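Below, each chain spelled out in residue letters.
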Amino acid sequence: QVQLVESGGGLVQPGGSLRLSCAASRSISSINNMGWYRQSPGKQREWVATSTSGGSTGYADSVKGRFTISRDNAKNKVYLQMNSLKPEDTAAYYCTAVLGSGARYWGQGTQVTVSS
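Quick caveat, the model's predicted, so the values are computed rather than measured. (Residues numbered from 1 in each chain as written. Predicted model: local features only at pLDDT ≥ 70, side-chain atom pairs only at ≥ 80, totals over all residues. Heavy atoms only, no water.)

Quick notes on the state of the cysteines
What counts is decided by this rule: Note that a disulfide, as used here, is simply two cysteine sulfur atoms within 2.5 Å. Numbering goes from the N terminus for both helices and strands, where a helix is a DSSP run of H or I of at least four residues and a strand is a run of E of at least two. The cut-offs for exposure are 20% and 50% of the maximum accessible area for each residue type, with area from a 1.4 Å probe on protein chains only; residues under the lower value are buried, those over the upper are exposed, and the others partly exposed.
Using the criterion set out here, one finds one disulfide in the structure. Here cysteine 22 engages in a disulfide with cysteine 95; their sulfurs sit 2.1 Å apart. One disulfide, between cysteine 22 and cysteine 95, carries an S-S torsion of -80 degrees and so falls in the left-handed class. In this pair, cysteine 22 sits in strand S3 (residues 18-24) while cysteine 95 sits in strand S9 (residues 91-98), placing the two residues 73 residues apart along the sequence. Accessibility classification places cysteine 22 together with cysteine 95 in one group, the buried group.

Okay, structure coming up:
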C-alpha cells in the first residue's frame, strides 16, 4: 500500500499558476500509474492527468496545454504544474496511485480556488 499527501493548493487569480505536489510514503519508481483527479462541489470526481512509470502522460481535454504532470522518482513525488488557470479549474485536487495489484489509493486532497 501507499500513503499520499498533497500540498500546494491555494487561492490564485485567473491566468495565474500553481504547482501541486504529491508525496508518497514509498518508492514510486515501480508504481506504473500515478495521477491527479479533481472534484468540484456537486460534481463527480473527474480525471485530470496521468503519469506512467514508462514516461507516458495523458491529460483531460479541459486541461491539455495548460497543465503538466511530472514525477521525481528520487523524491517519491508527483507534481501537477497548472498554468493559465481558469475559474472552472476551482476544485479539490486529489493524487492517486494504482499499484500492480490493481488497488487504487487516494490522498486527502488539496483545494485550488481560482478567483479574482
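There is more to say after this.
Quick word on the pattern of salt bridges
Put simply, the test is: Think of a salt bridge as a Lys or Arg side-chain nitrogen and an Asp or Glu carboxyl oxygen that are within 4 Å of each other.
Taken as a whole, this structure holds four salt bridges when the rule is applied. Linking aspartate 89 and arginine 66 is a salt bridge whose minimum nitrogen-to-oxygen distance equals 2.7 Å. Of this pair, aspartate 89 sits in the loop between strand S8 (77-82) and S9 while arginine 66 sits in the loop between strand S6 (57-59) and strand S7 (67-72), and the two are 23 residues apart along the sequence. As far as the burial class goes, aspartate 89 and arginine 66 line up, both buried. One salt-bridge network, held together by shared partners, links Arg38, Glu46, Arg66 and Asp89.

A few points about the nonpolar core
Basically, it comes down to this: Joining through side-chain atoms within 4.5 Å is the link that ties buried Ala, Val, Leu, Ile, Met, Phe, Trp, Tyr and Cys residues into a set, and such a set is a nonpolar core.
One finds Trp36, Leu80, Met82 and Tyr93 to be the most contacted residues of the largest nonpolar core, which totals 29 residues. Counting residues per element, the ones that place at least two in this core are S3, strand S4 (33-39), strand S5 (46-52), S7, S8, S9 and strand S11 (110-114).

Examining the sheet that holds S8
Defined as follows: We call two strands paired when DSSP finds no fewer than two bridges between them. Angular values range over 0 to 180 degrees, each being the angle between N-to-C directions of two axes fitted as lines to C-alpha atoms, with helices fitted over their stretch in contact.
Judged by pairing direction, the sheet is antiparallel, and its four strands sit side by side in the order S1-S3-S8-S7 without closing on themselves. Strand pairing shows two members of the sheet lacking a second neighbour, strand S1 (4-7) and S7, which therefore form its edges. Across the sheet, the mean angle from the axis of one strand to that of its neighbour is 15 degrees, orientation sign disregarded. Here S3 pairs with S8 via six bridges, running antiparallel. Along S8, the bridge assignment pairs serine 21 with tyrosine 79.

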